[in-house]
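# Survey of secondary and tertiary structure
Each chain, written out:
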Amino acid sequence: MKYITTIDGKEFLVEIIDDRHISLDGKIVKVDFESVESQPVFSLIVDGKSYEAYVYEGGEDLEILVKGKLYHSRVEDERERRLRAASGGLVVQSGPYHLKAPMPGLVVSVVVEEKQEVKQGDVLLILESMKMQNELKSPRDGVIGRIQIKAGDSVEQRQKLLSVE
Amino acid sequence: MKYITTIDGKEFLVEIIDDRHISLDGKIVKVDFESVESQPVFSLIVDGKSYEAYVYEGGEDLEILVKGKLYHSRVEDERERRLRAASGGLVVQSGPYHLKAPMPGLVVSVVVEEKQEVKQGDVLLILESMKMQNELKSPRDGVIGRIQIKAGDSVEQRQKLLSVE
Amino acid sequence: MLTKVLIANRGEISVRILRACRELGIQTVAVYSEADRQAMHVRYATEAYLLGPAPSSESYLRGEKIIQIALESGAGAIHPGYGFLAERSDFAQAVEDAGLEFIGPKPSAIVAMGDKLVARETVTNAGVPVVPGTEGTGNLSDDELLKLAPQIGFPLLIKATAGGGGKGMREVTNLDEMPLLLKSARREAKSAFGEDNVYLEKLILGARHIEIQILADKHGNVVHLNERECSLQRRHQKLLEESPSPFIDEGLRQRMGAVAVKAAKAVEYESAGTIEFLVDKDKNFYFLEMNTRLQVEHPITELVTGVDIVKEQIRIARGRKLSFTQDDVQINGAAIECRINAEDPHNNFMPSTGRITHSVLPTGPGIRVDTGVYPGFEITPYYDPMISKLIVWGETRAQAILRMRRALEEYKIVGVRTNIPFHQTMMDSHRFMAGQYDTRFVEEEFSMESISEDKVTHPDVAAIIATLVKHEQTERAAHVVRRNERDTSNWKWVSRWERLTK
Amino acid sequence: MLTKVLIANRGEISVRILRACRELGIQTVAVYSEADRQAMHVRYATEAYLLGPAPSSESYLRGEKIIQIALESGAGAIHPGYGFLAERSDFAQAVEDAGLEFIGPKPSAIVAMGDKLVARETVTNAGVPVVPGTEGTGNLSDDELLKLAPQIGFPLLIKATAGGGGKGMREVTNLDEMPLLLKSARREAKSAFGEDNVYLEKLILGARHIEIQILADKHGNVVHLNERECSLQRRHQKLLEESPSPFIDEGLRQRMGAVAVKAAKAVEYESAGTIEFLVDKDKNFYFLEMNTRLQVEHPITELVTGVDIVKEQIRIARGRKLSFTQDDVQINGAAIECRINAEDPHNNFMPSTGRITHSVLPTGPGIRVDTGVYPGFEITPYYDPMISKLIVWGETRAQAILRMRRALEEYKIVGVRTNIPFHQTMMDSHRFMAGQYDTRFVEEEFSMESISEDKVTHPDVAAIIATLVKHEQTERAAHVVRRNERDTSNWKWVSRWERLTK
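Computed from a predicted model, the values in this text were never measured in an experiment.

The rules behind the values
Residues numbered from 1 in each chain as written. Chains lettered and ligands numbered in written order. Predicted model: local features only at pLDDT ≥ 70, side-chain atom pairs only at ≥ 80, totals over all residues. Heavy atoms only, no water. Helix = DSSP H or I, 4+ residues; strand = E, 2+ residues; numbered from the N terminus. Rg over C-alpha atoms; globule rule 2.2 N^0.38 Å. Buried < 20%, exposed > 50% of the residue type's maximum accessible area, 1.4 Å probe, protein only. Contact = heavy atoms within 4.5 Å. Areas by Shrake-Rupley, 256 points an atom, 1.4 Å probe, with all protein chains shown as cover. Domains from an automatic or database assignment. Buried area = accessible area lost by both parts, 1.4 Å probe. Salt bridge = Lys/Arg side-chain N within 4 Å of Asp/Glu carboxyl O. Polar contact = N/O pair within 3.5 Å; in protein donor to acceptor, adjacent residues only side chain to side chain. Phe/Tyr/Trp six-rings, centres within 6.5 Å; stacked < 30°, edge-to-face > 60°. Lys NZ or Arg CZ within 6 Å of the ring centre and 35° of its normal. Nonpolar A, V, L, I, M, F, W, Y, C, P; charged D, E, K, R; others polar. Pairing = 2+ DSSP bridges. Axes fitted to C-alpha atoms, helices over the stretch in contact; angles between N-to-C directions.

### Some remarks on the overall build of chain A
- Broken down by element type, chain A carries one helix and 16 strands.
- Relative to the compact-globule value of 15 Å for 165 residues, chain A shows a C-alpha radius of gyration of 21 Å, a clear excess of over 25%.
- Dimensions of chain A along its principal axes, counting C-alpha atoms only, are 55 × 40 × 25 Å.
- Split into buried and exposed, the 165 residues of chain A put 49% on the buried side.
- Across chain A, the fraction of contacts at a sequence separation of at least 24, relative to all contacts at a separation of at least 6, is 39%.
- Accessible surface computed for chain A: about 8,300 Å², of which carbon and sulfur atoms make up 48%.

Encoded structure:
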């Protein structure tokens, strides 16, 4: 079974050969992989090097915690990859960005207006939650699309706030 | 729903009235009972008194750890109770006692012989496990029935060793 | 004689106080909001009573209801912890009026230190240096403040009179921006403390935030337990504290300690308290404020002095004299505390909510974790995002740093994002290692990226693991269940007890 | 300069040493048996290599293979921990011969102290008092021992020459029973140590088992780190240790310490070691044996002295001089260690095997847990049944006892029976609280029942909880799923991350 695995933007071609062998970008690697019963804890030994990993699902992806560092991974088999490529999913940068509330809270102020131009990193609005005022920033340059909330609104987690086009 | 609940040999008659009320031996008690998500951890508040319990299954019974003390419980509804009474299950003391290996190990010596009389607490055999020699004792007075192992045997957990009749 | 204590708080500090009570053989009463029904402090206490819905104003801030619960449950005293009602003199007074013991200072001391203007006046009269600012005349209008600002000089800080924890605080670099900042500071103060009075204070650049822990009994004895270095802050929230401070020498420590004792005596202080100072680069120090309560970061002082501050609070409340003198207080090694928060340091420290599904605490030599969080706990937006306090002790500061690195790597929290990577980066930073930092360091000079990139990473290992996990999931989903070779090997046997599968 | 260390051990002590290495910036190599593939020490180390099947003789006792792994992996040193190869002089010699550093004493010191007869002769020559017994002439036959026994007097002990941990030890009260006991002692010694030599020793009644920790560098400097009280034993297995001993006064401490240093110097000792003494009720003390290795109970000494014994071992192996002198060693407060074992104190301490499905460690002030166990861990019959060491520190012995009670109640282990109830009963016993106990106390005078019955129990509460849990299970099984009221209240929201359900 062949997979294309993306770790923080870097792609690896991983083929499962058998229970003890994989190929990583064409190089055969002997792997000793175990999971701890009923726990999200894994142990990988490769060439004597020991790695402990905590693995959990974050949305569609797996989050892998290894030696204190968290990696974001996406694993696709060839069919999934072709499907996503065909649907244009590989070109994430285009299309509007929808800013959603990362947590429930109170909109303290909306800093931008519709049709305003913004740069990456510009503050879009301020959301109060957990007793803190949190600045939500634009992930890229663009123009503000529809603003769906106003100052004083209570919002739920993942509620759409506004878009950057 | 009515239950007969036995805690370390003591019986309680418990009736579930609704989500917030039970009757314990005829007395109505207001209960606030919660479990922690995905954990064997429970919280019971009765009349303001707070009790935390860890609950797990030990064979057919539930083991309840409350304030550092472990209680062995058996909960039966009226039908189960009637069935067990009919099958004579309430009179546990009669019938042969089958000594089973509490863990895998090596039989170091069998101290008793078949047909020998034994008193409660007499050593029946010595089992070596975890680097320790463990004395297995008779839970009651009786006569040794069939001995199914001999010194030097390796035994599996729960393997029958001998009976006291 | 106190035999039952009500803890008017939640989370880690509630558990901390419950533990102290349990170790003193004292019965405990917990109070809780609907959101906290399953919380550790509820399960840990002898008794527990519901206060109301999740928002603090409907639960943990309901002083009257809490006093009523104390009276009905037979608790002889109330420990307020920190935050919530801890520095409300009216609450402390109401507790006293109800015939209960307030485990903390007298209401008059809270009043004197709670209003920052009165506090500055009081300590100035006692000979304690203060930061230049608008003091003495009470609540000034925006117009008055705008007039006084140039006399103090820029940059300056707008601070909430009733405040703490950076709420209602604004930094002002020039007069033009001041009116808007005054407005927003007052709005935040109002929402946080119920009143919008603010004052101005000179901003001392390159300053360190250093505080002195004191303990005072009911018999006039006051000792200090040395300093805590609290300069590592972000948006005026402390992130990481250490004791002793790498910046303070023994002479300065004794001078600051003596001044702190003087400040405490000026208000006839009782119980544990903290005097916060700003120390400039020339080692001049200025009184900032006194926190008339137990401090979040009290454990680092406990680790280097061996004094259990919470137990001392209870002993003091029982009327006992302090069992040690200033000369008995030593500094043994070094301690560091990292506040582990549910926030993402890679995303502007955005709070992260959700359920903690799995957690592994660091253990072994020299590590202490104070927490109210457990697997199954849900981080809600109602309360602060602190998961735990990770505290280490080392024979030397260097050993403590190395141990903290080890502890941070051992600490596993699954389910929410945490600021552990921030603390890891800090422990690797040369500036921290050298002890060369001030209150602006985190916000202005520290970067998650610059240091992290030097570290060895293992994206290839992550790729292998991710693929193997996904592959196993796929196989299992397709019902192609292969037996693991090891499971059939001869060292396998039947487990006697099975987990209760809920 | 050591930069990579192989740890030739498993379980908690392996993890303890790995942590010390990590805090010193040293790379680590773990070795493991097939049964330990998922073990914490394997996951924690930088590198890990398989030794063989589960039985120790096929894995952790394979000295040659371990040395080969050290050489191939580039480890410069081997730390043996305790047990397994720790006191095998031939292994220490082979490590040296391979050009590696053995983190422990020189082989000659292990030889001198490893044979108990030689040890007694050596220390006697150095002026150290020993317990009367058959010494000097080496391996005696049963007939010879039976002849010497009446000269020593009854009661006496048969002890394995190569032994430790109570293995091959038998108590003899009269000559008649001695032949059979000799036979069984030799059989047990043979199976545990590979040789069946035994010797006799006078049994001192009412004796306390007290040991002195020493540290010695490669430059002839030897210091002692005070005593540990280890009298609470069952079948010669230590269950609970404390430091300082409530029985030892400062004068006796200094005399025993001086003698311990003398004994260590007599064999040109290096690294950490322990001299065990019997102390009779009149405070006469007798050398028992020297353990030429790290001791299980070393953490209590670390907590009261502030010295990290494992790090000191590594520093000594690196050739460093001790960084402190005898005068620097202080006693700060009191520490207690409870060995948490998978055994049922209500059933004759029967070992309990099975999988630990859930575990909550005690945390907070003054608590340290050293463990290699985790949820998902399986207790196997191949190795000793220790789950963890629970260690507490207190300002005073009384505070330490109260804290240990708190810790034991907080500690939750689900899946196997543990001896936590034993320790709880011990902490409540008046004899322990008064510090009045000797090595016979646990077996002859202590009872689980007598004290437990005084405690408040809650069978009614257990009945309610059991019934509600069973009721919920029944309801769920019948697919009558009712919604919990709370789950629909307005503070509920979607959790962002879901646990990976395997």
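After that view of the structure, there is still more to cover.
### Section: the domain arrangement of chain A
- By domain assignment, chain A separates into domain 1 (2–78) and domain 2 (94–164).
- Computed over C-alpha atoms, the centres of domain 1 of chain A and domain 2 of chain A are 35 Å apart.

### Description of the interface of chain D and chain B
- Contact with chain D, which involves 48 residues of that partner, is made by 56 residues of chain B.
- Taken as a group, D:I464, D:I465 and D:T467 account for 11% of the area that chain D buries against chain B, more than any other trio of residues on that side.
- Across the pair D:K412 and B:E52 runs a salt bridge, and its minimum N-O distance is 3.2 Å.
- For the pair chain D and chain B, the interface holds eight residue pairs in polar contact (both at pLDDT 80 or more).
- Among the secondary structure elements, those contributing two or more residues to the side of chain D that touches chain B are α8 (178–193), β16 (350–351), β18 (358–360), β22 (412–414) and α17 (459–477) of chain D.
- Examining the composition of the side of chain D that touches chain B, we find that 16 residues originate from one element, α17(D), more than from any other.

### What about the pattern of salt bridges?
- Tallied over the entire structure, the rule returns 103 salt bridges over all chains.
- The salt bridge partner of C:E23 is C:K311, with a shortest N-O separation of 2.7 Å. A residue pair is termed long-range when its members are at least 10 positions apart, and C:E23 in helix α1 (residues 11–23) and C:K311 in helix α11 (residues 309–317) qualify at 288 residues.
- Close ionic contact of D:R293 with D:E87 constitutes a salt bridge, the shortest N to O distance being 2.9 Å. Here the residue D:R293 occupies a position in the loop between β13 (285–291) and α10 (298–305), and D:E87 occupies one in the loop between β4 (77–79) and α4 (89–97), the gap between them amounting to 206 residues.

### Describing the packing of aromatic side chains
- If you walk through the whole model with that rule in mind, you get 22 aromatic pairs over all chains.
- Aromatic pair B:F33 and B:F42: ring centres 5.5 Å apart, planes at 10°, arrangement stacked. Just as B:F33 is buried, B:F42 falls in that class too.
- By way of ring pairs, the aromatic residues C:Y60, C:F84, C:Y382 and C:Y383 are connected into one cluster.
- Its guanidinium or amino end placed over the ring of C:Y437, C:R208 lies 4.8 Å from that ring's centre, counting from NZ or CZ.
- Taking NZ or CZ as reference, D:R43 lies 4.4 Å from the ring centre of D:Y374, over its face.

### Here we look at the interface of chain D and chain A
- Listed per partner, the contact involves 23 residues of chain D and 31 residues of chain A.
- With both sides pooled, the region where chain D packs onto chain A buries about 2,300 Å², and carbon together with sulfur makes up 50% of that total.
- Here chain D and chain A share three salt bridges between them.
- Note that A:E37 and D:R355 form a salt bridge whose closest N and O atoms lie 3.8 Å from each other.
- Counting across the interface, chain D meets chain A through eight residue pairs in polar contact (both at pLDDT 80 or more).
- Among the elements of the structure, α2 (40–44) and β3 (47–52) of chain D are those that each provide at least two residues to the side of chain D that touches chain A.
- Per-element tally for the side of chain D that touches chain A: the top contributor is β3(D), with three residues.
- Residues of the side of chain D that touches chain A, tallied by class, amount to 11 nonpolar, four polar and eight charged.

### Some details on helix α10 (residues 298–305) of chain C
All names here are of chain C.
- The buried fraction of α10 is high, at seven of eight residues.
- Where α10 is concerned, the buried positions are H298, P299, I300, T301, E302, V304 and T305.
- At the C-terminal side of α10, G306 shows a positive phi close to 80°.

### Here's the deal with the pairing of strand β8 (residues 69–77) of chain A
Residue and element names in this part refer to chain A.
- Across five bridges, the pairing between strand β1 (residues 2–7) and β8 is antiparallel. Opposite T6, over in β8, you have R74 as the bridge partner.
- In terms of strand pairing, strand β7 (residues 61–66) meets β8 through five bridges, oriented antiparallel. By the bridge assignment for β8, I64 is matched with Y71.
- Counted along the chain from β7 to the antiparallel partner β8, the turn is two residues long, and its residue K67 has a positive phi close to 45°.

### Describing the environment of C:R315
- Looking at the secondary structure, you find C:R315 in helix α11.
- Judged by its relative accessible area of 16%, C:R315 falls in the buried class.
- Separated by 124 residues in the primary sequence, C:R315 and C:T439 place their C-alpha atoms 35 Å from one another.
- Here C:R315 is in contact with C:L24, C:R320, D:E395 and D:Q399, once residues within four sequence places are set aside.

### So, the sheet that holds strand β6 (residues 156–160) of chain D
Residues and elements named next belong to chain D.
- Taken together, three strands build an open sheet; the order of strands is β7-β6-β8 and the sheet is antiparallel. In this open sheet, the two edge strands, each paired with only one partner strand, are β7 (170–172) and β8 (198–202). Taking each pair of neighbouring strands and ignoring which way they run, the sheet shows an average axis angle of 30°.
- Against the sheet, α8 contacts β6, β7 and β8, and its axis sits at roughly 165° relative to β7.

### So, the side chain of C:S243
Residues and elements named next belong to chain C.
- Following the sequence through the fold, S243 ends up in strand β11 (residues 237–243).
- In terms of polar contacts, S243 uses its side chain to reach the backbone carbonyl oxygen of E227, at 2.7 Å.
- Dropping the residues within four chain positions of it, S243 is found in contact with E227, R228, I300, V304, A334 and A335.

### Some details on the domain arrangement of chain C
Residue and element names in this part refer to chain C.
- Looking at the assigned domains, one finds that chain C contains domain 1 (4–103), domain 2 (132–202) and domain 3 (205–332).
- For domain 1 and domain 3, the distance between their C-alpha centres works out to 25 Å.
- On the domain 3 side, the residues contacting the 16 residues of domain 1 number 19 residues.
- With both sides pooled, the region where domain 1 packs onto domain 3 buries about 1,400 Å², and carbon together with sulfur makes up 60% of that total.
- The tally of links from domain 1 across to domain 3 stands at five salt bridges.
- Put simply, domain 1 and domain 3 have eight residue pairs in polar contact (both at pLDDT 80 or more) between them.

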